[in-house]
Structure formats: structure tokens, C-alpha cells
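# Structure assessment
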Amino acid sequence: MLLQIENVTVEFSLPGSPARGRHSKNRLTALAGVSFALAERETLGIVGESGSGKTTLARAIVGMVPVQEGRIVWMGSDLSSTNQDSRRRIRKDMTMIFQNPLASLNPRMTIGQIIAEPCQIHEPGVSKTEIRRRVAETMEWVGLAPALANRYPHEFSGGQCQRIGIARALIARPRLIICDEPVAALDVSIRAQIVNLLKQLQDEFGISMIMISHDLSVIRHVSHRIMVMYLGHVMEVIPSRHLLQKSCHPYTRTLIESVPVPDPKIQKTRELPVIKSDPPLMNTPASGCRFATRCPIARDSCSDSQTALLEVESGHWLACPYCELPPEFESGN
Amino acid sequence: MHSTPRTGTEEPLLSICDLRVTFGTPEGQVVAVDGASLDIHPGEVLAVVGESGSGKSQTALAVTGLLARNGTSEGSILWKGGEILGLPEHQLARLRSEEIAMVFQNPMTCLNPYLRISTQMIEGMTMNRKMTRTQARSACIDMLETVQIADAANRIDRYPHEFSGGMLQRIMIAMSLLRRPRLLIADEPTTALDVTVQMQIVQLLKHIRRKYGTAIMLITHDLGLVASISDRISIMYSGQIMESGLAENVFSNPRHPYTRALLDAIPRIDQNDGELRDIAGEPPDPASRTSGCPFHLRCGYRIASCIENRPDTLGSREHAHACHLSNET
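Not measured: the values here are computed from a predicted model. (Residues numbered from 1 in each chain as written. Chains lettered and ligands numbered in written order. Predicted model: local features only at pLDDT ≥ 70, side-chain atom pairs only at ≥ 80, totals over all residues. Heavy atoms only, no water.)

Secondary structure summary: chain B contains 13 helices and twelve strands in total. In terms of overall size, chain B behaves like a compact globule, its C-alpha atoms giving a radius of gyration of 21 Å where 329 residues would be expected to give roughly 20 Å. Reported as C-alpha extents along the three principal axes, the dimensions of chain B are approximately 65 × 50 × 45 Å. Per-residue burial over chain B gives 54% buried out of 329 residues. Total accessible area on chain B stands at roughly 13,700 Å², and carbon and sulfur atoms take up 50% of it. (Helix = DSSP H or I, 4+ residues; strand = E, 2+ residues; numbered from the N terminus. Rg over C-alpha atoms; globule rule 2.2 N^0.38 Å. Buried < 20%, exposed > 50% of the residue type's maximum accessible area, 1.4 Å probe, protein only. Areas by Shrake-Rupley, 256 points an atom, 1.4 Å probe, with all protein chains shown as cover.)

Residue and element names in this part refer to chain A. An order of S6-S7-S8-S3-S9-S10-S12-S11 is seen for the eight strands of this open sheet, with the pairing classed as mixed. Strands with a single pairing partner mark the edges of an open sheet, and in this sheet they are strand S6 (94–97) and strand S11 (310–313). Ignoring which end each strand starts from, the neighbouring axes of this sheet average 25° apart. When strand S3 (residues 43–47) meets strand S9 (residues 225–230), the two strands line up parallel, connected through four bridges. Across the sheet, the residue bridging to Ile46 is Met227, located in S9. Each of S6 and strand S7 (176–180) is contacted by helix H2 (residues 84–93), which is oriented at about 55° to S6, the strand it contacts most. (Pairing = 2+ DSSP bridges. Axes fitted to C-alpha atoms, helices over the stretch in contact; angles between N-to-C directions. Contact = heavy atoms within 4.5 Å.)

Okay, the packing of aromatic side chains next. All chains considered together, the criterion is met by seven aromatic pairs over all chains. Between Tyr237 of chain B and Tyr258 of chain B, the aromatic rings sit 4.5 Å apart at their centres with planes inclined by 50°, giving tilted as the arrangement. Residue Tyr237 of chain B is found in strand S9 (residues 232–237), and its partner Tyr258 of chain B is found in helix H11 (residues 257–265); the two are separated by 21 residues along the sequence. What links up through ring pairs into an aromatic cluster is the set Tyr230, Tyr251 and Phe291 of chain A. (Phe/Tyr/Trp six-rings, centres within 6.5 Å; stacked < 30°, edge-to-face > 60°.)

Turning next to the packing of helix H3 (residues 111–122) of chain A against helix H4 (residues 128–141) of chain A. Residues and elements named next belong to chain A. Following both chains from N to C, one finds H3 and H4 inclined at 115°, their axes separated by 10 Å at the closest point. The angle between the axes of H3 and H4 places the two elements in the roughly perpendicular class. You can see that H3 and H4 cross each other, and the crossing is right-handed. Within the contact between the two elements, H3 uses Ile111, Gly112, Ile115, Ala116, Cys119 and Gln120 and H4 uses Ile131, Arg134, Val135 and Met139. Per-class residue counts for the contact of H3 with H4 are seven nonpolar, two polar and one charged. (Parallel < 35°, antiparallel > 145°, perpendicular 65-115°, else oblique. Left-handed = near helix turned anticlockwise from the far one by under 90°. Nonpolar A, V, L, I, M, F, W, Y, C, P; charged D, E, K, R; others polar.)

This next bit is on the packing of helix H9 (residues 250–258) of chain A against helix H8 (residues 195–212) of chain B. Here H9 of chain A crosses H8 of chain B at 50°, and the two axes come no closer than 9 Å. With respect to H8 of chain B, the element H9 of chain A is oriented oblique. Viewed along their axes, H9 of chain A and H8 of chain B form a crossing whose handedness is left-handed. Here H9 of chain A contributes Thr254, Leu255 and Ser258 of chain A to the contact with H8 of chain B, which in turn contributes Val195, Thr196 and Met199 of chain B.

Attention now goes to helix H1 (residues 56–64) of chain B. Residues and elements named next belong to chain B. Of all nine residues making up H1, seven are buried, and the element is well covered by its neighbours. Along H1, the residues classified as buried are Lys56, Thr59, Ala60, Leu61, Ala62, Val63 and Thr64. Positive phi shows up at Gly65, right after H1, with a value of about 70°.

Below, the discussion takes up the pairing of S9 of chain B. The two faces of the sheet receive side chains in turn, since in a regular strand these alternate between them. All names here are of chain B. Within S9, six of the six residues are buried, which leaves the element mostly enclosed by the surrounding structure. On S9, burial covers both faces: Arg232, Ser234 and Met236 on one face and Ile233, Ile235 and Tyr237 on the other are all buried. The sheet contact formed by strand S3 (residues 45–49) and S9 spans four bridges and is parallel. If you follow Val48 over to S9, its bridge partner there is Ser234. What sits between the antiparallel neighbours S9 and strand S10 (residues 240–246) is a turn of two residues, in which Ser238 has the positive phi angle 55°.

Let us now look at H4 of chain A. Residues and elements named next belong to chain A. Here H4 contains 14 residues, and its C-alpha end-to-end distance of 20 Å stays within 8% of the 20 Å for a straight helix at 1.5 Å per residue. Among the residues making up H4, those that are buried are Ile131, Arg134, Val135, Thr138, Met139 and Trp141. Axial view of H4: buried residues confined to an arc of 150°, hence all on one face. Seen from the open side of H4, the exposed residues pointing more than 90 degrees away from its buried face are Thr129, Arg132 and Glu140. Positive phi appears at Gly143, one or two residues downstream of H4, with a value of about 80°. (Expected span 1.5 Å × (residues − 1). Arc of directions from axis to C-beta.)

A few words on the interface of chain A and chain B. Counting residues at the interface gives 45 residues for chain A and 46 residues for chain B. A combined buried area of about 3,900 Å² lies between chain A and chain B, and 56% of that area is made up of carbon and sulfur atoms. Here chain A and chain B share one salt bridge between them. On inspection of chain A and its partner chain B, the count reaches 13 residue pairs in polar contact (both at pLDDT 80 or more). Among the elements of the structure, helix H6 (188–205), helix H7 (216–222), H9 and helix H10 (264–269) of chain A are those that each provide at least two residues to the side of chain A that touches chain B. By residue number, the principal contributor to the side of chain A that touches chain B is H6 of chain A, which donates eight residues. Looking at the side of chain A that touches chain B residue by residue, the classes come out as 19 nonpolar, 16 polar and ten charged. (Buried area = accessible area lost by both parts, 1.4 Å probe. Salt bridge = Lys/Arg side-chain N within 4 Å of Asp/Glu carboxyl O. Polar contact = N/O pair within 3.5 Å; in protein donor to acceptor, adjacent residues only side chain to side chain.)

Moving on, we come to the domain arrangement of chain A. Residue and element names in this part refer to chain A. Splitting chain A by domain gives domain 1 (3–93 + 175–329) and domain 2 (103–173). For domain 1 and domain 2, the distance between their C-alpha centroids amounts to 30 Å. Taken over both partners, the interface formed by domain 1 and domain 2 buries close to 1,300 Å², and the fraction arising from carbon and sulfur atoms is 71%. Run the count over domain 1 and domain 2 and you get zero salt bridges. Counting across the domain 1 and domain 2 interface gives three residue pairs in polar contact (both at pLDDT 80 or more). Elements that contribute at least two residues to the side of domain 1 that touches domain 2 include exactly H2 and H6. When residues of the side of domain 1 that touches domain 2 are assigned to their parent elements, the largest contribution, seven residues, is made by H6. Grouping the constituent residues of the side of domain 1 that touches domain 2 by class yields ten nonpolar, one polar and five charged. (Domains from an automatic or database assignment.)

Residue and element names in this part refer to chain A. Taken together, four strands build an open sheet; the order of strands is S2-S1-S4-S5 and the sheet is antiparallel. Whereas interior strands pair on both sides, the edge strands pair on one side only; in this sheet they are strand S2 (27–38) and strand S5 (77–78). As defined by bridge partners, strand S4 (residues 69–74) adjoins S5 across two bridges and the pair is classed as antiparallel. Within the sheet, the bridge partner assigned to Val73 lies in S5 and is Asp78.

Quick look at the nonpolar core now. Met139, Val142, Ile164, Ile166, Ile177, Leu198 and Leu216 of chain A are the most contacted members of the largest nonpolar core, which totals 66 residues. Of all the elements, H6 of chain A adds the most residues to this core, at seven residues. Residues lining this core come from more than one domain, with at least three contributed by each of domain 1 (3–93 + 175–329) and domain 2 (103–173) of chain A. Apart from the residues lying within four places of it in its own chain, the contact partners of Ile166 of chain A are Ile97, Val142, Ile194, Leu197, Leu198 and Leu201 of chain A. Ranked by size, the runner-up nonpolar core spans 39 residues in total, among them Ile117, Met143, Ala152 and Leu218 of chain B. (Core = buried A, V, L, I, M, F, W, Y, C linked by side-chain atoms within 4.5 Å.)

Here it is as C-alpha cells:
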């Protein structure tokens, strides 16, 4: 296994109300005991609404937020016990692509400098000519003309900026790329370009990917497995090819049914999901299943005790004891 | 260039004809909308679909007279048969407050964070209508209940930050409906929201249309959203309308290469699709418009006349498109 996440919990302290003083014990649990493993060459899609903890999980893996409990094991070594130096070495193998392509690029650096930076940090001995060669090569991989290396980020469109971000993530030849909403900010016609580019790079270089998105149709398209999160908990893990037919957690089904199909005929006949209210606030503690307050099949016992994530079928993990397999999903055409 | 000859007998509510919106900038003239025509009948949901820079939002702003100061619009915009392009500001303001309401993408930035929801909602009601604060308040609470804000009587006195994004968008829709507008322009109303909440907003918009008979002009890039709610569609690209017609017609029989390419480029939740077919190149820069068909740079079916001449829009209100290729065959 390339990466193993074991029972990871991340908490943030919240500023208390003025009456209780500034350092209150008010805690927000962003991730509550999340576990999964990622194999080489695998793409894991993480999907969930805002506040589900998907971005926090990505940040915890790369070490941008401290982990309170649990272990993150990278190729056999526990990341929480490694020192700064080896952490830096590991960071060479793990890179990230962010949602807002322009905001994630330094406006005062040329894109050549931006793409070269990881190389200079992780391999300080490499000569300037070699770096230039690698920058040019990487730019070609992501579909940018190497002649553009002396331009600044503002001279590029959103889709091109995302290509620059991908080139920067790719130049150190990582083993894992974490993509946090890589296409959410892009136009429809550009989205498909970036999705196809990511898939093609993965095939070519054998990189593992963690793809974070709120868009289930994009996630399903690019991932081998899908992990569905809700308020810091894993609700279901399922191979992508089984998502439509075999997923059965009420939250997963709600997400699937909420994604509109671009065909008015089908969309008219689809049953609209019965979902109650908005997601509850994260800092309101809940003892049982976090989805119970909005769940269409919730029973009294759901709010009593936390449901365990159990393997119901090979590769299919589920945190709901009451749901049944859905009727065959009617596909279009 | 009248693109959509009408077949219905009823008078359209809004009729935009050959609209051209330009902005004067230090770098030169930017053409945001380049001869767009569309109309909306009472109670109808028209989706205006396009990518960034396609001119869909500027079309809506031209209708409401809210273009930026350096913007000018030409052509004709008829509201219930009367020209509203170039109306003096006080008449446009009356139109906006009584007949055409607008809801924007980010509800958080549209509300004043320092004022209670009640203050912001009641303000519009008491200002130019003979209504007491008590009457206005109870009308506001009723409307909040219509958009399914639970415990509206108490929540109306909360501040915007105490609500989630989906609730704020419902509050914005409630505010826009207070004056019972005939037309609601919703500019990307669900883009900032989660999918489950997006569905709630779609259901709410459908409910409003049924209950009040409000026509809706939905501006979006999300074809799934369009398929869930709209009666008719206009596909915009580079300030021009590429294809328009009844939703079923455009989706099941897309005639313009751009529409087809768009539909091929989106992954679908209900089908196991193979490779996504992307559209090479980028949407054109509004500052440098090309001659001929604006899509010719990215089109796989380009012929010589695409580069030279702008195609005419042919067809009916049920289905029309502007493409040389299909015009010839």
C-alpha cells in the first residue's frame, strides 16, 4: 500500500463566545476516525458536501493541519513520527493541485519559475540548464508551449493556469497527486480537457491520485474507488463501476439522485430525492449517525450509537445497518 | 436579425431583439453581447446557457438597466410590448422593484451583513408602497414560509451570517418575490451551493412558477440544471446565440456543433461514459471578437464560409440555430 490512513481525527478549536472568554473548550471535529488505504496507480475519489471534511483530509495527509489521533502511514513509515527532514523528502512524492488555479500561483513569478520551484527545493544540486530542460519537458506533458515559460500567471486563462498547477505538481515526479476540486472553477468545455489530461498523465506515469470533489459525475468518471464523506465521517466506500447499481447508503443515494442528468426527458421521470433541511452545524455534537437528522430511513436507534463502517462485499464498505440494495438504477438511453 | 419567429398567439413578456452590449475600456471596445435575440412568455422558464464571457449575464443586466457605467446597449428590449432600452433611471428602478426581479450567484454578498433579514426585507415593502411595517413584516414572514424557512417568525430577525448558503439563497428568492414580479432573472442561483441544496432550490423555483406564474430567466452553465427546470433554452457563445428552442428539442436533437460538443464534454451520472470528448482551445476573449461564426476556431466541422460570414439564424421558436453547415444541408 502506498498510503494508509488509520483512524485519523482532526479537531479545530473554535473561538468561544465573548462571555466565556477567548479560549473556550469549543471544539469542532472536522475528521472523526477516518480510515482508508490507497494502492499504487489507484485513484480514490472523495466526495461530499461542504463541511464533509474532504479538504481537511487532504491537508492532513500532506501535513498542513495537525492530526489529533490516528496514523498516516506513507509507504510503511508513520508520518506523525517522522522528523522535518524526512517529511520534506516525502513531500517530494506527494503534491497537491488546488481549486482556484490563479490564486494558487504566485503572481510575481514567471510560470517557468513557478514550475521549477519544487525541483529546486527537493533537488538543490540540479543545474540550471537541467531545470530548464525539465520545465520545458513538463510543460509539454501538460499541453503548454515551453516558449511561454517567461510569462506571468495573469496572462493565462483559468484552464491554462490549472495546467501550470499540474505541471508544478508533476515536475518532481511524485507518486501521489492530491487534487482538491481541480475542475470546479473551470468552464464546462475546459473541464473535460483537464479531466482527460489528469487521466492521461496517470496512465503514462503511474501516479496515484486522490481526487476531491463535490461533483459525483466527475469523481465517478476519473476514480477507481469512491469514498463518500459526511460531516467528518466516512459513509460508504465503493468501487466506481458499482456506484450506480450497488451503492446503498441513503446519503450516497441522495447525492446520486441530486445530480441532475443533462436530458430533460430523463430528468422529468427521475424521482427527486427526499432530503430534509440543510446539513447540521458541525460543532453540534451528535452521538449517533451524523446523517440521521436528514436521513429518509432513519430510525430511533440511529441517533443513539455511532454506526461502524463494515465491509458488506469485497471492496464495498458501508456505515449504515438499515439500508437495502436499491432497485436497479435506470440508466439513460 | 429576428431569430425566433413566434408561433404562439400570446404576447411575449420580454422580447430582446438584436441586442448589442459594448464596453469602452482603455484597451478598446469590448463586445459582450453581439446581436442576441430571445423572448420569454408569461410563466415560461428560459435557460440562457453559456461559458464565462459568453455574454449571458450582461444580457440580463442590460434588461434590468444595471450595466456597468462604461457599458452601452443597442437594439431593442421590449417589456410587454413597450421599449425599455434607454428608459430614464427612475422608470427602470420602478420596473426592477415591481416587475423584474433578480437573484445573483452569491447570496452572502448580496445581503448587508450588518442588518437583520427583517430590516432588509421590509425596507423594499414600505418604501414605495402604502404598507405599514406590521403589514410588511407579516407579508415577509409569509414569503419566508413559502420558501420553506422553518420558524420564519423568529428567524426573520436574525443576521445573514446565522444562515447557511442554501437558506440565504432561499431568503434572496423570497425577497425578490415580495413584489410579485412577472419575471425573475436568476443568475447562476445554485452555483455556490451543494448538490442536495441545489435540488431544493430547483424544486423551489418550480413551486414559485406554479404558485405565482412567474416567468424565470435562468442564467447558467450547468446543463443538468437546465434539463431539470427549463421549458426553452438559448445557448450563447461569444455574445451570440448559437442555438435555441424547446428544451427537449435542443437536448435530444442538438443541431449546432457547439451544443453537441458541450453535451459530449460533460460526464453524466446515469451513463457509463468512456472518454470525455473535450473541446479544444479556449472560449474566446470578449475583447477580440473574430469575424464569421465565433465558434469556427474550435469547431470540427468548419467550412470556408464559417470564417468569413456570420451564419443566419434559421428555424422557429421551437428550434433554431445559427450554423452554415446545417443551413446548407
